[in-house]
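# Summary of structural features
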Amino acid sequence: MATSSSTQPRDTWGSKLGFVMAAAGSAVGLGNIWKFPYTAGESGGGAFVLIYLMFVLFIGFSVMLTEFAVGRKTGLSAVGAFKSTDRRWAFTGVIGVLSGLLIMGFYPVVGGWALAYIFKVGGGLLSTPEAIGDSFGGFISDPVQPLMWMGVYLMLNIVIVMRGISGGIEKAGKVLMPLLFVILITVAVYGMTLPGAMAGVEFLFKPDFSKVDSNVVLAALGQAFFSLSLGMGCMMTYGSYLKKKENLVQTTGMVTAMDTGVAILAGVAMFPAMFAFGMAPSAGPGLVFVVVPQLFAEMGGLIGLLLALLFFIGLTVAALTSSVSLLEVVVSYLIDEKGMKRSRAVISASVVMATLCVFASLSLGGVGPTLFGTGAFDIFDLLTDKIFLAVGGMLVCIFAGWRLSRSELEKEITNDGKVSFPLFGLWYNLVKYVIPVAIAIVAFMGIKSGFDSGKGEIMLVGIGIIALAGVFSKKL
Ligand code: TRP
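Each chain carries its own residue numbering, running from 1 in the direction its sequence is written. Given that this is a predicted model, residues contribute local features only at a pLDDT of at least 70 and side-chain atom pairs are listed and counted only at 80 or more, while totals for whole chains, interfaces and linings are drawn from all residues. In computing side-chain properties, one takes all heavy atoms of the structure into account and sets aside hydrogens as well as water.

With an unreviewed UniProt entry as reference, the chain is termed Transporter, source organism Vibrio aquaticus. UniProt positions are given in the numbering used here, feature names are shortened, and annotations may be inferred rather than shown by experiment. Its UniProt record gives the chain the following Subcellular location (unreviewed entry) comment, quoted word for word: "Membrane". You can read under Sequence similarities (unreviewed entry) in the UniProt record for the chain the words "Belongs to the sodium:neurotransmitter symporter (SNF) (TC 2.A.22) family."

### Describing the confidence of the model for the chain
pLDDT: the predictor's confidence for each residue, scored from 0 to 100. When pLDDT is averaged along the chain, the result is 91, and 94% of the positions lie at 70 or above. Here, two residues are considered to be in contact whenever any of their heavy atoms come within 4.5 Å of each other. For residues 1–7, every residue scores under 50 in pLDDT, and the model assigns this stretch twelve contacts once sequence neighbours within four places are set aside.

### What about the nonpolar core?
What we call a nonpolar core is a set of buried Ala, Val, Leu, Ile, Met, Phe, Trp, Tyr and Cys residues that are connected through their side-chain atoms within 4.5 Å. Note on classification: 1.4 Å probe, protein chains only; a residue is buried when its accessible area is under 20% of the maximum for its type, exposed when over 50%, partly exposed between these limits. Grouped together as the largest cluster of nonpolar side chains are 172 residues, with contacts concentrated most on Ile-33, Trp-34, Phe-289 and Phe-311. Excluding residues within four positions of it along the chain, Phe-311 makes contact with Ile-33, Ile-183, Leu-184, Val-187, Val-288, Val-292 and Phe-296.

### A closer look at the site of the ligand
In these notes, residues near a molecule or strand are those with any non-hydrogen atom within 4 Å of it. Around the ligand, the structure places 18 residues, and the nearest of them are Ala-27, Gly-31, Tyr-107, Phe-226 and Ser-229. Counting of polar contacts relies on pairs of N or O atoms within 3.5 Å, with two restrictions inside protein: one atom must be capable of donating a hydrogen and the other of accepting it, and residues adjacent in sequence are counted only when both atoms are side-chain atoms. In this structure, Ala-27 approaches the ligand through a main-chain N or O atom, which is 2.9 Å from an oxygen atom. Phe-226 is positioned such that a nitrogen or oxygen atom in its backbone is 2.7 Å from a nitrogen atom of the ligand. Alone, the ligand offers 360 Å² of accessible surface; in the complex the protein occludes 100% of this. Each helix corresponds to a stretch of at least 4 residues labelled H or I by DSSP, and each strand to a stretch of at least 2 residues labelled E; elements are numbered beginning at the N terminus. Elements supplying a minimum of two residues to the shell around the ligand: helix 1 (16–27), helix 2 (30–42), helix 11 (214–227) and helix 15 (301–338). A class-by-class count of the residues in the shell around the ligand yields ten nonpolar, eight polar and no charged. Accessibility throughout is a Shrake-Rupley quantity obtained with a 1.4 Å probe, and a residue counts as covered only by protein chains that appear here. Think of it as three bins: nonpolar holds Ala, Val, Leu, Ile, Met, Phe, Trp, Tyr, Cys and Pro, charged holds Asp, Glu, Lys and Arg, and polar takes everything else, Gly as well.

### Examining the packing of helix 1 against helix 13 (residues 248–277)
Axes are the key here: two packed helices are described by the angle between their axes and the distance separating the axes. An axis is simply a line fitted to the C-alpha atoms; with a helix, the fit covers only the stretch in contact. Between two such axes, the angle follows the N-to-C directions and lies from 0 to 180 degrees. Put simply, helix 1 and helix 13 touch, their axes get as near as 9 Å, and they point 40° apart. With respect to each other, helix 1 and helix 13 are oriented oblique. Considering the relative orientation of helix 1 and helix 13, their crossing is right-handed. The residues of helix 13 that touch helix 1, namely those facing Lys-16, Phe-19, Val-20, Met-21, Ala-23, Ala-24 and Ala-27, are Gln-250, Thr-251, Met-254, Val-255, Met-258 and Asp-259. Angle categories are assigned with fixed cut-offs, so that under 35 degrees is roughly parallel, over 145 is roughly antiparallel, 65 to 115 is roughly perpendicular, and the rest are oblique. It is the rotation of the near helix from the far one that decides the hand of a crossing: anticlockwise by less than a right angle makes it left-handed, clockwise makes it right-handed.

### Observations concerning a nonpolar patch on the surface
The patches described consist of residues with a relative accessible area above 30% and no salt bridge, like charges being joined within 9 Å and nonpolar side chains (Val, Leu, Ile, Met, Phe, Trp, Tyr) within 5 Å. One speaks of a salt bridge when a side-chain nitrogen belonging to Lys or Arg is within 4 Å of a carboxyl oxygen belonging to Asp or Glu. Residues Leu-50, Met-54, Leu-57, Phe-58 and Phe-209 make up a contiguous nonpolar surface patch of roughly 490 Å² in combined accessible area. Within the secondary structure layout, Phe-209 lies in the loop between helix 10 (198–205) and helix 11. By relative accessible area, Phe-209 is classed as partly exposed at 47%.

Put into C-alpha cells, the structure is as follows:
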C-alpha cells in the first residue's frame, strides 16, 4: 500500500464538538429539508416515516458506528481504508467515490436553487403568493438561470474544501447549524397555528400501511442512508480524521439524533402548512421551494420576509456543509491514492461534478440525453439513493463483520476498553448478519417493483456497475 500521506501525521479535528458538528453538518442537509418532506409526501406519509425511523435506529446507527470505527482504525479515507486490509475490497471504496461524484452530479443543482431563493425572496417573491408555484416550475426548467446559481454554489464548495478540513468545514458547521435549527422550530410552530394544520400532522405521523409497497420500503432505506451520509465512505473519511480518545458510540448517537430530529422538524414545518393551504402532499421535489415561501407570505410583513431570508440562507449553508463532505471524499481519495496535491484534487473533482450537474440541471427542462426514458437528474438520484448507498452500506457491514476480527473492532469502539459499550454484541451481530441480509432483501424487492414504474432498468444498471467494479477490483 503506497499512499502518499500515510507517512505524515494526519490532520485531525480541532475539538470534539468540532467533529460532532462537522459530522452532523455532513448529515444534515438537503436530504433532511428538501428530500425527506417530498419523499414522505410521495410515499404516503406516516407509514413511510415509521419505516424510515426503524431503519435509522437499527441500520443507520450501526452502519455509522461501523464507518467511524473502520475510518479511525485505518486512518485512511474510503479506498485506502479497505485496501490496507485487503486489496480485493478496494472496489467498495471505489464505488463510494463514484457515489460521491454522482451525488455531486445533482446536489449542487438543488444547492443552487436554495442559493437563488435567498435572492428571489429578497427580490419580492413573497408579494405575489399565488405565483410562487409557477415561479418555481419556470425557474428550474429554464436552461440558463439554474446553471448560473449551480456554478456559484459549486465555487463556494471549492473555496471551502481548498482550505482543508479543520479550517473551512469545521468553522462553517459550528456557527451555522444552530441557526438553522432555531429557524426550523419557528417555522414549525407557526405552521401549526394555521387553520387545518392538524391534518398535516396526522398525515405525517399516522401510519397507513395500505400505502406501503416494496418501493416505499426501499425509498425509506435509501432516505436513511442518504440523510445520514452513509454507504459511500463519507463518515469513514471523517472518522479517519478523528482522535483516538473520542467516544465513537456517543458521537454516533449525537449525529444520528440531530439528523433525524432535523428531518422530522422539517416535516412538521411543512406538512401542516401544506394541508392548511390545500396543497397536495405529493407535490414532488419543488415542495420546500413552494410551501415555505407561501408560509412566509401568509405570515406577511417584515417578519415574514426576514424569516424567509434566514430560512433560505440556513438551507444553503446546511447544503454546503453536506456537499463539502461529498467533495472531500473524492478529494481525499485523489490525495491519498493518486498522490495529488489538494488544490489539484479539488479542481479535478469539481470539473467532473460541474459537467454532471450541467446535464442534471438541463434534464429538468427536458433537454439532454435520457436512459430508459429517464433524465440525468433522476438517473443520478436513483442510482445513488436506491442502489449505491444501500449496497455500499451492506458491503461495509460485510467487510467489518467478516473481514475484520471481533476483538479488533471491540478495541477500536471501546478505545481499548476505556469506554464501555454494553450493546457491543448486539451491534456486532446486526452488522455481521442482520443488516446485510435485510438490505439484500429490501433492495431485491425494491428493484423488482421498480420495473412497474419504469425505474427497474436503471437500478439494474447500478447493480451491473457494482458487479463490474467487483470483478475488476484487483486493478482498482
Ligand atoms: N446527508 C446529506 C444530506 O442529507 C447528503 C450527504 C452528504 C451524503 N454526504 C453524503 C449522502 C454521503 C450520502 C453519502 O443532505
